[in-house]
Amino acid sequence: MTSKIGVDVSRIDALDKVTGKALFPADLMSSDMLHMKILFAGRPHARVRSIDVGKAESCPGVIAILTASDVPVNEYGLINCDQPVLVGPGSNKKGADTARFVGDQIALVVAETEEAAIKARDDILVDWVDLPVITDPYEAMKPDAPMLFESRDSNIIKHNKIRAGDVEGAWKNCEVIVESIYHTPWQEHAYLQPEAGISYIDSDGRITVEVAGQWVHEEQKQIAHALGLTVDQVRVIHPAIGGAFGGREDVSVQIVLALASWHLHERGISRPVKIVWSREESILGHHKRHPYNIHAKWGAASDGSILAAEVKMVADAGAYEYTSAKVLGNATLQSTGPYDIPNVSVDAYAVYTNNVPSGAFRGFGGPQGAFAAESQVNKLADKLGIDVVEMRRRNLISDGSIGQFKSVYPEGVTIRQVVEECADRSNWPITQVDNSLPSNIRKGYGFACALKNVGFSFGFPEECWAKVELHGGSEIERVVLHHAGAECGQGAHTVFVQMTAEACGVPIECIQLEAADSALTKNSGSASASRLTFMAGNSIRGAVDLALENWQSEERPAIGEYKFVPRQTTALDTETGECDPNITYGYVAQRVIVEVDIETGHIRVVDVMSVDDVGRAINPIQVAGQIEGAVVQAHGYTLLENLVSRDGYIETAQFSNYLIPTSLDVPERVEAVILEYSDPQGPWGLRGVAEMPFLPYAPALIAAVHDATGIWFDEFPLIPERVLRGIDHSVYGE
Amino acid sequence: MKTFDYEAPVTIDQTITLMSKTRGKTLLLAGGTDLLVQLRYSNQDVDLVIDVKGIPELNQINYDEFSGLVIGAAAPCSQIYESAPVLENFPAIIDAATIIGGKAIQNRASFGGNLCNASPSGDAIGAMMSLGAICNVVGSEGVRNIPIEDFCIAPGKNALEKGEMLISIQIPSPRPNSGSHYLRFTPRAEMDIAVAGVGASIELDSDLNKILSARIALVAVAPTPVLATEVSESLVGQKTSGSLLEKAANIAKETISPITDVRGSASQRKHLIGVLTRRCLDIAVKRAVQVS
């Protein structure tokens, strides 16, 4: 039988998506549906004294207006329930009368038409008391800073520490020391499909929300919590999802849709409720990638061995916790890179401010940490006169390495292999000079590498469920796979089907997938942390093995149900950081070539090589697509995407001023090189791919710009004005 | 978006009549690529939108050596950059038509709309201004010809009186030994708005080394696109050389006092005008030499 994995199978959802048959949340219609609009706070920090909905309620077409007092349990959050569902007085949650960022939700208006809902929303009168606005995390950390939450005595959400070896004692042995302060920007997910959904009571009496998300069971749990219901009373279905990238890891319209339907149901109104956010609502209303300030001091001996790394970093978590503590863990890990450094000290803080909340975004703290770590290594190499690849050879981890967490890296460390492959294929070190360039253009080459965890980290519970039904007589004719893993556009469902076919030994056409409905599946975890192929593959293999046993015992249909639980990770020790942080990793190295116009500051990326060890590529063309997609998204992050927030107000809430790359801006060539060194824990040896190509891009590009111009940029995005300012201070009279 | 009436007349007369009959606020729609966005995001009370795309004269592009190029006010960029006489004679127009918005926008957006929108960063305005365009305007009172440098009077405000409409833009035939170019700077390669832009047309003498005449327009550095007469004066009668263009670029920088906004700072704009003026003149001169 020919293999079903390792082949470029067409996406199972491709035809429906290109023909328009696939329905995204905004496409879901019902003839009797009602429309909802949300009144957002529009103020970064203010207490609601009262809300007057009298005038709004009398607007024609208005069915219901809901405020904080209508929410049974007025709190939610993925890790910590610190955010009110609706901000305002009269609810059971202390502090829920205070808006802490502009996108806090104040009131829901349900009406016959969207226009009527907008009209009524604009007629709601809110009596505000403005409070001091804190937007600088360093200010927010001060002991005398105003608290965002009355119940807390500090705005610091989390402080991670690593203490390994003796950093202070190591400096004297260093030939060179590099100290830099890095700043990384916010980033907007900019998925094609803004938040939208429809809710109703299903035939079993459950509140049902059809919405784009990343984890149906978590969304179900959060809705149930806020509504004071059991999870069985709530159902979440994912229709086609128009991109996620971590931006749908925290809920957006899920709870408020359910709340509206529950309220209408209690009033005897059985009409579905629909909401579609505009692009501005999406940009203002959901979280962003964390901005980090990273103060890094690293020292190396004359032979290039890195002896010590001291890192202090502060993440702006914004108004609510979201996944900040977890993102901080990953940034903590990434801030010293894939290197064997005997003396490490890290202090990492995530801090509340009145900015837009920060949260999950492809890389999950990794890009920020890796930017600092890789730039430090590149600068040390530069100072020592050692080639950057050679510098890495002298410091990279390998199998058996014990890192800063004082635990052995999971078996299958291949960072050296990806670095060598990338160096080899790009003929590194590149000494050739391009004489064909105009006098204003400078060409440069940059290199960086990274590791990225696969699966949840630092003790967060990890599991993945699958159920397989084998139908047929003497031969297996049809296989039904039940799995909750979200198809966000990354191709997860296609590889689920491929892996099921491979495990069962049947053609792909025999597989039928039942997915994305909390009522039909059990918990498979989220589409995040580069985990889904790894976890789903293990759960599918487990379920198929059980089903095949039952098939042998003549069970028809033969059913196998399996919950995969990987080896347990552990949380950071509060004083030393000791832990077993991750299940496993994927490894990546990149080489970037840029051309810088030194007269305008414009940077063109000519060529990118990304070498990624994914363990096993189930669908190589999809893996290449993930690599190219990550590079393009990182390209926007590094060069163009400049989210401007002033005093808590976002000034770039449109795609006309928050610029993402177009097809003419992306790197002219991206060579995706896929390596397949088996991971002992991975199904068919696979690791993951979604995030890791994002991580080394910013530091590799910035190293290339340094090679071209002689300037190190420690802050990005490298918008032309910043580049020009760095190259030629005289332009600005400096 | 507020509710409004919509009409799609097929003649200029019908349009003039409609405009004179309507008491409330009337807006003309050509490609709609600016107008629809403005209607959606502002709360302005518009009573009537008149779609002029159905008027044949407004969609025509005509050229003869005597009257020059006449671009119908509603002709989209794609029609302009596919037009053989434009390709042959007006390179700066091609430059502007191929950089406005992106491909999809260029199938709708018109030079007339770009002009009437009167944005300080209008690429088409800069290109047409460097070529000495005249705006043909019709109203109930009759016909007016407005030099393009007088057409935009403030950001978003043009010289049209109530009841008047732009019919076409007329650009004189190129002189012998002349060349033109439009160049702008944007952080993003498409779907972006100029941080600064420069349009230039240059006429050389028969020996191709002396500049007989020059028109230079500067974009996104003043409340409207502006004609840089001091730059032109510095060039006329001079032999072309790198240092001459460098000097002109410095004069261009000195003549402007741009603002700082979300797209760029005043100092960045000043700097860019210098770079763009030099590069733009260089290409315009090269084109003049090539043409001859």
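Residues numbered from 1 in each chain as written. Chains lettered and ligands numbered in written order. Predicted model: local features only at pLDDT ≥ 70, side-chain atom pairs only at ≥ 80, totals over all residues. Heavy atoms only, no water.

Looking only at helices and strands, chain B has 11 helices and 14 strands in total. Taking 292 residues into account, the globule formula puts the C-alpha radius of gyration at 19 Å, and chain B, at 19 Å, falls close to it. Along the first, second and third principal axes, the C-alpha set of chain B runs to 55 × 45 × 35 Å. Here chain B, with 292 residues, has 53% of them falling under the buried criterion. (Helix = DSSP H or I, 4+ residues; strand = E, 2+ residues; numbered from the N terminus. Rg over C-alpha atoms; globule rule 2.2 N^0.38 Å. Buried < 20%, exposed > 50% of the residue type's maximum accessible area, 1.4 Å probe, protein only.)

Scanning chain A from N- to C-terminus turns up 17 helices and 27 strands. Its C-alpha atoms give chain A a radius of gyration of 26 Å, near enough to 27 Å, the size a compact globule of 734 residues would have. For chain A, the spread of C-alpha atoms along the three principal axes comes to 75 × 75 × 50 Å. Put simply, chain A has 734 residues, and 64% of those count as buried.

A word on the interface of chain A and chain B. Taken together, the 22 residues of chain A in the interface contact 20 residues of chain B. Between the two partners, chain A and chain B, sit three salt bridges. One salt bridge connects R279(B) with E599(A), and the closest N-O pair in it is separated by 2.7 Å. Viewed at the interface, chain B and chain A are joined by nine residue pairs in polar contact (both at pLDDT 80 or more). Among the elements that take part in the side of chain A that touches chain B, helix α17 (residues 720–727) of chain A stands out by supplying three residues, more than any other. When the residues that make up the side of chain A that touches chain B are grouped by side-chain class, the tally is nine nonpolar, eight polar and five charged. (Contact = heavy atoms within 4.5 Å. Salt bridge = Lys/Arg side-chain N within 4 Å of Asp/Glu carboxyl O. Polar contact = N/O pair within 3.5 Å; in protein donor to acceptor, adjacent residues only side chain to side chain. Nonpolar A, V, L, I, M, F, W, Y, C, P; charged D, E, K, R; others polar.)

Turning our attention to helix α12 (residues 415–425) of chain A. All names here are of chain A. Here α12 has its buried residues at I415, V418, V419, C422 and A423. Viewed along the axis of α12, the buried residues span an arc of 130°, placing them on a single side of the element. Next to the buried residues of α12 lie α11 (388–393), β18 (441–454), β23 (584–597), β24 (603–613) and β27 (670–675). At the exit of α12 stands N427, carrying a positive phi of roughly 50°. (Arc of directions from axis to C-beta.)

Right, let's talk about the domain arrangement of chain B for a bit. In terms of domain boundaries, chain B breaks down into domain 1 (5–51), domain 2 (57–171) and domain 3 (178–291). Its C-alpha centre places domain 1 of chain B at a distance of 35 Å from the equivalent point of domain 3 of chain B. (Domains from an automatic or database assignment.)

A few words now on α17(A). A turn of α-helix holds 3.6 residues, and therefore any two residues three or four places apart point the same way. Those residues of α17(A) that fall on the buried side of the exposure criterion are P720(A), E721(A), V723(A), L724(A) and G726(A). Of the surrounding elements, those touching the buried residues of α17(A) are β23 and β24 of chain A together with β11 (178–185) and α11 (266–291) of chain B.

Turning to the sheet that holds strand β2 (residues 46–52) of chain A, a few remarks are in order. Residue and element names in this part refer to chain A. Spatial ordering of the open sheet is given by β4-β2-β6, a layout of three strands whose pairing is antiparallel. In this open sheet, the two edge strands, each paired with only one partner strand, are β4 (98–99) and β6 (125–130). One ladder, built from two bridges, connects β2 with β4; its direction is antiparallel. The partner of R47 across the bridge, within β4, is T98. (Pairing = 2+ DSSP bridges.)

With that out of the way, let us pick up the sheet that holds strand β7 (residues 142–147) of chain B. Residue and element names in this part refer to chain B. Ordered by their spatial adjacency, five strands build an open sheet running β4-β5-β10-β6-β7, and the pairing between neighbours is antiparallel. Each of the sheet's edge strands pairs with one partner strand only, and the pair in question is β4 (61–64) and β7. Averaged over all pairs of adjacent strands, the angle between strand axes in this sheet comes to 20°, irrespective of strand direction. Pairing of β4 with strand β5 (residues 68–72) involves four bridges; the strand directions are antiparallel. Opposite D64, over in β5, you have G68 as the bridge partner. Its contacts with the sheet place helix α1 (residues 12–21) against β6 (134–139) and β10 (165–171), and it is angled at close to 135° to β10. (Axes fitted to C-alpha atoms, helices over the stretch in contact; angles between N-to-C directions.)

Further remarks concern the packing of helix α15 (residues 620–640) of chain A against helix α16 (residues 697–709) of chain A. Residue and element names in this part refer to chain A. In contact at an axis separation of 9 Å, α15 and α16 are set at 55° when each is read in the N-to-C sense. The angle between the axes of α15 and α16 places the two elements in the oblique class. α16 is crossed by α15, and the crossing has right-handed handedness. Of the residues in α16, those touching α15 at V631, A634, H635, T638 and L639 are Y697, A698, L701 and I702. Of the residues in the contact of α15 with α16, the class split is seven nonpolar, two polar and no charged. (Parallel < 35°, antiparallel > 145°, perpendicular 65-115°, else oblique. Left-handed = near helix turned anticlockwise from the far one by under 90°.)

Turning to the domain arrangement of chain A, a few remarks are in order. Quoted interface sizes are often the accessible area lost when the parts come together. All names here are of chain A. According to the domain assignment, chain A consists of domain 1 (25–131 + 195–276), domain 2 (288–396 + 403–457 + 573–732) and domain 3 (463–564). On a C-alpha basis, the centres of domain 2 and domain 3 stand 35 Å from each other. Opposite the 22 residues of domain 2 that make contact, domain 3 presents 19 residues. Sorting the residues of domain 2 by area buried against domain 3 places F456, I618 and W684 first, and these three jointly supply 37% of that buried surface. Taken together, the connections running from domain 2 to domain 3 amount to zero salt bridges. (Buried area = accessible area lost by both parts, 1.4 Å probe.)

With that settled, consider the environment of E420(A). Looking at the secondary structure, you find E420(A) in helix α12. Residues E420(A) and D32(A) lie 388 residues apart in sequence; the distance between their C-alpha atoms is 61 Å.

This part is about the nonpolar core. By size, the foremost hydrophobic cluster in this structure holds 163 residues, and its most contacted members are L227(A), W298(A), V594(A), L701(A) and L718(A). Residues lining this core come from more than one domain, with at least three contributed by each of domain 1 (25–131 + 195–276) and domain 2 (288–396 + 403–457 + 573–732) of chain A. In this structure, L69(B), I71(B), F90(B) and C152(B) belong to the second largest nonpolar core, which totals 54 residues. (Core = buried A, V, L, I, M, F, W, Y, C linked by side-chain atoms within 4.5 Å.)

The subject of this paragraph is the packing of aromatic side chains. Residues and elements named next belong to chain A. Throughout the structure, instances matching the rule amount to 15 aromatic pairs over all chains. For the ring pair Y182 and F371, a centre distance of 5.3 Å and an interplane angle of 75° mean the geometry is edge-to-face. With Y182 in strand β8 (residues 176–184) and F371 in helix α10 (residues 366–384), this residue pair connects regions lying 189 residues apart in the sequence. For the pair Y182 and F371, one class covers both residues: buried. (Phe/Tyr/Trp six-rings, centres within 6.5 Å; stacked < 30°, edge-to-face > 60°.)

All names here are of chain A. Tallied over the full model, the rule gives 60 salt bridges over all chains. Across the pair E691 and K452 runs a salt bridge whose closest N-O atoms are separated by 3.1 Å. Of the two residues, E691 is situated in the loop between β27 and α16 and K452 in strand β18; the sequence distance between them amounts to 239 residues. Per residue, the accessibility class of E691 equals that of K452, and both read buried. The salt bridge partner of R604 is E595, with a shortest N-O separation of 2.8 Å. Accessibility expressed as a relative area gives 11% for E595, which makes it buried. Residues participating in the shared-partner salt-bridge network are E421, R425, R591, D607, R669 and E671.

It is worth spelling out the environment of A252(B) at this point. One can find A252(B) in helix α10 (residues 242–255). Ignoring sequence-local partners within four residues, the contact set of A252(B) consists of L218(B), V231(B), I273(B) and T277(B).

Turning next to the packing of helix α6 (residues 216–227) of chain A against helix α7 (residues 254–266) of chain A. All names here are of chain A. The N-to-C vectors of α6 and α7 enclose an angle of 50°; their axes lie 9 Å apart at closest approach. Taken together, the axes of α6 and α7 lie oblique to each other. Taken as a pair, α6 and α7 cross one another with a handedness that is right-handed. From α6, E219, Q222, I223, A226 and L227 reach across to α7, where they touch Q254, I255, A258, L259 and W262. Among the residues forming the contact of α6 with α7, the class breakdown is seven nonpolar, two polar and one charged.

This brings us to unusual backbone geometry. Residues and elements named next belong to chain A. For the bond running from R556 to P557, omega is -15°, close enough to zero to count as cis. Note that P557 resides in the loop between α14 (532–552) and β22 (558–564). Residues F716 and P717 are joined by a peptide bond in cis, for which omega reads 10°. Its place among the elements puts P717 in the loop between α16 and α17. Phi at F364 takes a positive value of approximately 55°, unusual for a residue other than glycine. Tracing the sequence through the fold places F364 in the loop between β17 (358–359) and α10.

Time to look at the side chain of S180(B). All names here are of chain B. Its place among the elements puts S180 in strand β11. A polar atom in the side chain of S180 sits 3.0 Å from the backbone nitrogen of A92. Non-local contacts of S180, meaning those with residues more than four positions away in its chain, are made with F90, P91, A92, D95, L131, A200, S201, A284 and R287.

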